[in-house]
Amino acid sequence: MKVISISVRIGGLSDLVNEWVQRYFDHLSRGTIAEGAVIRIERIPTTFRCDECGHVFPADPRTREAILCPLCASAEMTLATGRECFVQQIEVV
Ligand SMILES: [Zn+2]
C-alpha cells in the first residue's frame with residue numbers, strides 16, 4: 001500500500017504556505033507509506049456572516065479597509081470560514 005496524494009483544505013486566513021506544507025510533509029513522511037505523496041491544497045475563501053441580517057460574504061480582513069456588510073452596511077460580523085485546515089481525501093494504491 002502506498003499513498004499517492006493527500007487533498008487538504010486550508011482556510012484563506014491560515015498562515016500555512018502551500019510550498020511549506022509540501023516541504024514539511026516530505027520531511028515527515030520519509031520512510032513511511034506516504035513518502036513521495038503529493039499534497040493537493042484547496043484554499044477556502046475567507047467569509048463573514050453579518051450579525052444583523054445573516055448575509056454571508058467574502059472579505060479579506062488583512063486589508064486596511066473596514067469591512068461592512070454589502071447588504072445592510074453593518075460592521076458587526078462573525079468569521080464564517082477561513083481558519084479551516086483539514087484532510088479531505090487520501091489517495092492510496
Ligand atoms: Zn448585513
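Refer to the structure above for everything that follows.
In this report, we go over the structure that sits alongside the text. (Residues numbered from 1 in each chain as written. Predicted model: local features only at pLDDT ≥ 70, side-chain atom pairs only at ≥ 80, totals over all residues.)

**Re the sheet that holds strand 1 (residues 3-11)**
Right, on to step 1. An order of 2-1-6 is seen for the 3 strands of this open sheet, with the pairing classed as mixed. In this open sheet, the two strands that pair with only one neighbour each are strand 2 (38-44) and strand 6 (85-92). Neighbour-to-neighbour, the strand axes of the sheet open up by a mean angle of 20 degrees, direction not taken into account. (Pairing = 2+ DSSP bridges. Helix = DSSP H or I, 4+ residues; strand = E, 2+ residues; numbered from the N terminus. Axes fitted to C-alpha atoms, helices over the stretch in contact; angles between N-to-C directions.)

**Some words on the sheet that holds strand 3 (residues 47-50)**
Right, on to step 1. With antiparallel pairing, the 3 strands of this open sheet are ordered in space as 4-3-5. Looking along the sheet, the strands with just one partner apiece sit at the ends: strand 4 (56-58) and strand 5 (77-81). Recorded for the sheet is a direction-independent mean angle of 35 degrees between the axes of neighbouring strands.
Right, on to step 2. As paired elements, strand 3 and strand 4 share 3 bridges and run antiparallel to each other. When the sheet's bridge partners are listed, threonine 47 is paired in strand 4 with proline 58.

**So, the environment of isoleucine 39**
Right, on to step 1. Considering the arrangement of structural elements, one finds isoleucine 39 in strand 2.
Right, on to step 2. For isoleucine 39 and asparagine 18, which are 21 residues apart along the polypeptide, the C-alpha to C-alpha distance reads 8.8 Å.
Right, on to step 3. Those residues in contact with isoleucine 39 that lie beyond four places of it in its chain are Ile6, Val8, Val21, Gln22 and Phe25. (Contact = placed C-beta atoms within 7 Å.)

**Quick notes on the nonpolar core**
Right, on to step 1. Of all hydrophobic cores here, the largest spans 5 residues; its members are Phe48, Cys50, Ala59, Cys69 and Met77.
Right, on to step 2. Not counting chain neighbours up to four residues away, the residues in contact with methionine 77 comprise Phe48, Arg49, Cys50, Asp51, Ile67 and Cys69. (Core = buried A, V, L, I, M, F, W, Y, C linked by C-beta atoms within 7 Å. Buried ≥ 20, exposed ≤ 12 C-beta atoms within 10 Å, placed from the backbone.)

**Thoughts on unusual backbone geometry**
Right, on to step 1. A positive phi is found at alanine 73, a non-glycine position, where the angle reads about 65 degrees.
Right, on to step 2. Mapped onto the elements of the fold, alanine 73 is located in the loop between strand 4 and strand 5.
Right, on to step 3. For alanine 73, a count of 10 C-beta atoms within 10 Å corresponds to the exposed category.

Nothing here speaks to function; it is all geometry.
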